[in-house]
Amino acid sequence: MKSDKNILVSEFQNFDTAGKGSGKRRFPAGVTGANLSRRRGGEVSDARGRKPYGEHGPRALVSGNVLITGGSGSLGTAIQKLISCDAPDRSELDIRSVRKCEQAMKKYKPDIIIHAGAYTDVSGAEKHKKACWDVNVIGTENLVRAVHGRRFIYISTSYVFDGEKGDYTEDDIPDPVNFYSLTKLLGEIVVSQYKNTLIIRTMFKPDGPWSFKRAFVDQITTAEFVSDIAPDIVKASLMQDLFGIIHISGTKKTIYELAQKVSPQVGKMSIKDVDVMLPKDISLNNELWKKLK
Ligand SMILES: NC(=O)c1ccc[n+]([C@@H]2O[C@H](COP(=O)([O-])OP(=O)(O)OC[C@H]3O[C@@H](n4cnc5c(N)ncnc54)[C@H](OP(=O)(O)O)[C@@H]3O)[C@@H](O)[C@H]2O)c1
């Protein structure tokens, strides 16, 4: 007989982006971002009613051993230029393995874990749902369980939103339009069950020339290049009493405008030109972060 967990996995793996706008239910019943972040008395709080920072606002930066996942990725590389931390590679810490997660905690004894490892191929995720699921949902769960209450930072994405509204606050209800984004939202839900966690929703692109020949003229973002965003991500990660959800982002622009900054000759394309559904306006409102930083 299938366990409840397996039933949930199979239902999510049938997640249908084509159902968008057709009135067809895209989430298994009861799972939305609404239980993750809701407004109480005008303040943002998480599912347990905790505000994303202590009663008196954030205070000092915490210190201690930092361990990051995804150290070979673009954010992981940028973080390692800013702080000293342990960054075991995937051969040592494959988060799909419970045993490897536990071994890494024993070996490195981190006080803070920044979880930046993920399956990030948005288009590939539609074809390889299990591969994406195993890293972004199961892997995140394996890791956060092994952490046993230490400070845990989950790097999430503005892609958890459907892109219809833009200027999303921490309070807005996620509604992902593709499988990658769904798994990132489920990662948020998994980590929010554990105390001492901070979810950072952000968006960034690798430093250097634009990696593609063309860029989206019709996708609005608050992304910046990773070395411009990473310092704020590190600061939030180390900020005492900051937990819940925080949006860290830059200024509003199209992806094409961002690409032009580093590759003026970049060509134009539409989000309709790709084989995966992408959200239109995933700009994040970062007013809360600006007050805190
Ligand atoms: N890039 C963006 O635009 C963007 C926007 C918002 C949020 N994010 C989030 O930010 C985080 C970092 O993104 P990024 O763009 O820096 O990622 P990236 O460059 O694509 O790198 C992904 C990292 O995850 C690691 N990884 C993959 N599978 C793993 C596994 N099973 N166990 C352990 N590590 C594994 C990879 O290791 P290998 O080198 O071994 O493959 C790599 O270090 C991710 O959580 C992503 O969802 C990214």
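Nothing here was measured: the structure is a model prediction, and the numbers come from that model. (Residues numbered from 1 in each chain as written. Predicted model: local features only at pLDDT ≥ 70, side-chain atom pairs only at ≥ 80, totals over all residues.)

Q: Which parts of the structure should I look at to understand the pairing of strand S3 (residues 66–69)?
A: Look at any regular strand and the pattern is simple: side chains alternate between the two faces of the sheet. Side chains Val66 and Ile68 project from S3 onto one buried face, and the interleaved Leu67 and Thr69 project onto a second face that is buried too. With 4 bridges joining them, S3 and strand S4 (residues 112–115) adopt parallel strand pairing. For Val66, the partnering residue across the bridge sits in S4 and is Ile112. (Buried ≥ 20, exposed ≤ 12 C-beta atoms within 10 Å, placed from the backbone. Helix = DSSP H or I, 4+ residues; strand = E, 2+ residues; numbered from the N terminus. Pairing = 2+ DSSP bridges.)

Q: Would you explain helix H5 (residues 129–147) in this entry?
A: Because an α-helix completes one turn every 3.6 residues, residues spaced three or four positions apart along the sequence face the same direction. Relative to the 27 Å expected for 19 residues at 1.5 Å per residue, H5 spans 26 Å between its end C-alpha atoms, a close match to the ideal helical length. At Gly139, H5 is bent by approximately 35°, the largest bend along its length. Of all the 19 residues making up H5, 14 are buried; the element is thus mostly covered by neighbouring parts of the structure. Looking one or two residues beyond H5, the residue adopting positive phi is His148, at roughly 50°. (Expected span 1.5 Å × (residues − 1). Bend = angle between axes of the 7 residues up to and from the residue.)

Q: Mind showing me how you'd approach the site of the ligand here?
A: Near the ligand there are 27 residues, and of these Gly70, Gly73, Arg90, Gly117 and Ala118 occur at the shortest range. Looking at the shell around the ligand, the elements that each hand over two or more residues are helix H2 (74–82), H5, strand S5 (151–157) and strand S7 (204–205). Broken down by element, the shell around the ligand gets its largest block of residues, 3 residues, from H2. Of the residues belonging to the shell around the ligand, the class tally is 10 nonpolar, 12 polar and 5 charged. (Near = placed C-beta within 6 Å. Nonpolar A, V, L, I, M, F, W, Y, C, P; charged D, E, K, R; others polar.)

Q: For this particular structure, what's the right way to read the sheet that holds S4?
A: Paired through backbone hydrogen bonds, the strands of a sheet run either parallel or antiparallel to each other. Taken in spatial order, the 5 strands of this open sheet run S3-S4-S5-S6-S11, and their pairing is parallel. Edge positions in the sheet fall to S3 and strand S11 (244–247), since each of these pairs with one other strand and no more. On average, each strand axis in the sheet is inclined to that of its neighbour by 20°, with strand direction left out of account. Relative to strand S6 (residues 197–202), S5 is paired through 6 bridges, and the arrangement is parallel. (Axes fitted to C-alpha atoms, helices over the stretch in contact; angles between N-to-C directions.)

Q: Mind showing me how you'd approach the confidence of the model for the protein here?
A: Should the pLDDT be low somewhere, the predicted coordinates at that spot are not to be read in detail. Averaged over every residue, the pLDDT of the protein is 85; residues scoring 70 or more account for 80%. Note that residues 1–11 has pLDDT below 50 and, in this model, 4 contacts with residues that lie over four places away or in other chains. Contacts from residues 17–47, a stretch scored under 50 in pLDDT, to residues over four places away or in other chains number 52 contacts. (pLDDT = per-residue confidence, 0-100. Contact = placed C-beta atoms within 7 Å.)

Q: What is the right way to read the packing of H2 against helix H7 (residues 226–238) from this model?
A: What describes two packed helices is the angle between their axes and the distance between those same axes. Two elements in contact, H2 and H7, have axes whose closest approach is 9 Å; the angle formed by their N-to-C orientations is 65°. Classified by chirality, the crossing of H7 by H2 is right-handed. The residues of H7 that touch H2, namely those facing Ser74, Leu75, Ala78, Ile79 and Leu82, are Val226, Ser227, Ala230, Pro231 and Val234. Looking at the contact of H2 with H7 residue by residue, the classes come out as 8 nonpolar, 2 polar and no charged. (Left-handed = near helix turned anticlockwise from the far one by under 90°.)

Q: So what exactly am I meant to see when it comes to the environment of Asn178 here?
A: Position of Asn178 among the secondary structure elements: in the loop between S5 and helix H6 (179–192). On the basis of neighbour count, Asn178 is assigned to the partly exposed category, with 19 C-beta atoms found within 10 Å. Residues Asn178 and Met277 lie 99 residues apart in sequence; the distance between their C-alpha atoms is 6.0 Å.

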